[in-house]
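What follows is the residue order along each chain.
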Amino acid sequence: VESINIVKAKSFLDIGAFMGYYACFVASNFKDEIDVYAIESNPRYVDYIGKSIGINNFKRVNVLNEILSDKEELLYVKNETVISRADNEKNLVKLKSTTLDKLCEMKKIIPEIMKIDVHGAEGKVLFGSNEILKKYAKVILLELHTSNYLKKFSDGLSKKKIIFFLI
């Protein structure tokens with residue numbers, strides 16, 4: 001919360017919002033002073049976030065049901081992860097991914113502080129965010145998952161490649 005005050009940020013993106021804890025936490029601490037975007041791939045969790053927003057009467061929290069990647073492609077939502085093939089699995093949600101650059105352009109979002117927790121897809125999300133990282137990002141709170149998760153969900157990108165990209 002203090003970092004938002006220090007950089008005088010006007011927007012917070014909760015990427016991989018899950019149940020919306022961080023989005024609601026930021027909204028509750030800044031009332032209507034900051035735009036908050038909860039970006040979540042799983043429609044069921046998006047519904048939960050929407051209920052939390054309504055119960056708490058947050059006016060500037062926006063929930064976006066999107067899969068973020070480094071390109072547009074058809075992907076499948078499986079609980080807290082996004083996979084590229086269905087392989088006879090049932091009850092998967094199929095969505096077309098987008099890049100964070102395109103999403104921010106389309107929705108007119110200026111992302112200044114971003115929390116990213118996408119269970120191994122960090123590389124794909126970040127590599128699809130090149131423009132906004134250069135232009136707007138002031139603070140990135142990144143949960144960088146294990147090499148096995150990155151290999152599986154970020155097309156084999158290593159932690160080293162991701163960190164060098166950010167630098």
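No experiment lies behind these values; they were computed from the predicted model shown. (Residues numbered from 1 in each chain as written. Predicted model: local features only at pLDDT ≥ 70, side-chain atom pairs only at ≥ 80, totals over all residues. Heavy atoms only, no water.)

### Section: the packing of aromatic side chains
Link 1 in the chain: Applying the stated criterion across every chain, the model contains 6 aromatic pairs.
Link 2 in the chain: Between Phe-18 and Tyr-45 the ring centres are 4.8 Å apart and the planes differ by 75°, which places this aromatic pair in the edge-to-face class. Here Phe-18 is found in the loop between β1 (11–15) and α2 (21–30), whereas its partner Tyr-45 is found in helix α3 (residues 43–56), with 27 residues between them in sequence.
Link 3 in the chain: Under the relative-accessibility criterion, Phe-18 is labelled partly exposed at 38%.
Link 4 in the chain: Judged by centre distance (5.3 Å) and plane angle (85°), the rings of Tyr-21 and Tyr-22 are edge-to-face.
Link 5 in the chain: Judged by relative accessible area, which is 55%, Tyr-21 ranks as exposed.
Link 6 in the chain: According to the relative accessible area criterion, Tyr-22 is partly exposed, its value standing at 43%.
Link 7 in the chain: Ring-pair connections join several aromatic residues into one group, and the members of that group are Phe-18, Tyr-45 and Tyr-48. (Phe/Tyr/Trp six-rings, centres within 6.5 Å; stacked < 30°, edge-to-face > 60°. Helix = DSSP H or I, 4+ residues; strand = E, 2+ residues; numbered from the N terminus. Buried < 20%, exposed > 50% of the residue type's maximum accessible area, 1.4 Å probe, protein only.)

### Here we look at the pattern of salt bridges
Link 1 in the chain: The tally for this structure, following the rule as stated, stands at 10 salt bridges.
Link 2 in the chain: The salt bridge partner of Arg-60 is Asp-35, with a shortest N-O separation of 2.8 Å. With a gap of 25 residues between them, Arg-60 in the loop between α3 and β3 (61–65) and Asp-35 in strand β2 (residues 35–40) connect regions that are remote in the sequence.
Link 3 in the chain: The class for Arg-60 is partly exposed, based on a relative accessible area of 27%.
Link 4 in the chain: Exposure remark for Asp-35: the relative accessible area of 25% places this residue in the partly exposed category.
Link 5 in the chain: With its nearest N and O atoms 2.8 Å apart, the salt bridge here joins Lys-124 to Glu-73. Of the two residues, Lys-124 sits in helix α5 (residues 122–127) while Glu-73 sits in the loop between β3 and β4 (74–78), which places them 51 residues apart along the sequence.
Link 6 in the chain: The exposure class of Glu-73 is buried, given its relative accessible area of 18%. (Salt bridge = Lys/Arg side-chain N within 4 Å of Asp/Glu carboxyl O.)

Nothing here speaks to function; it is all geometry.
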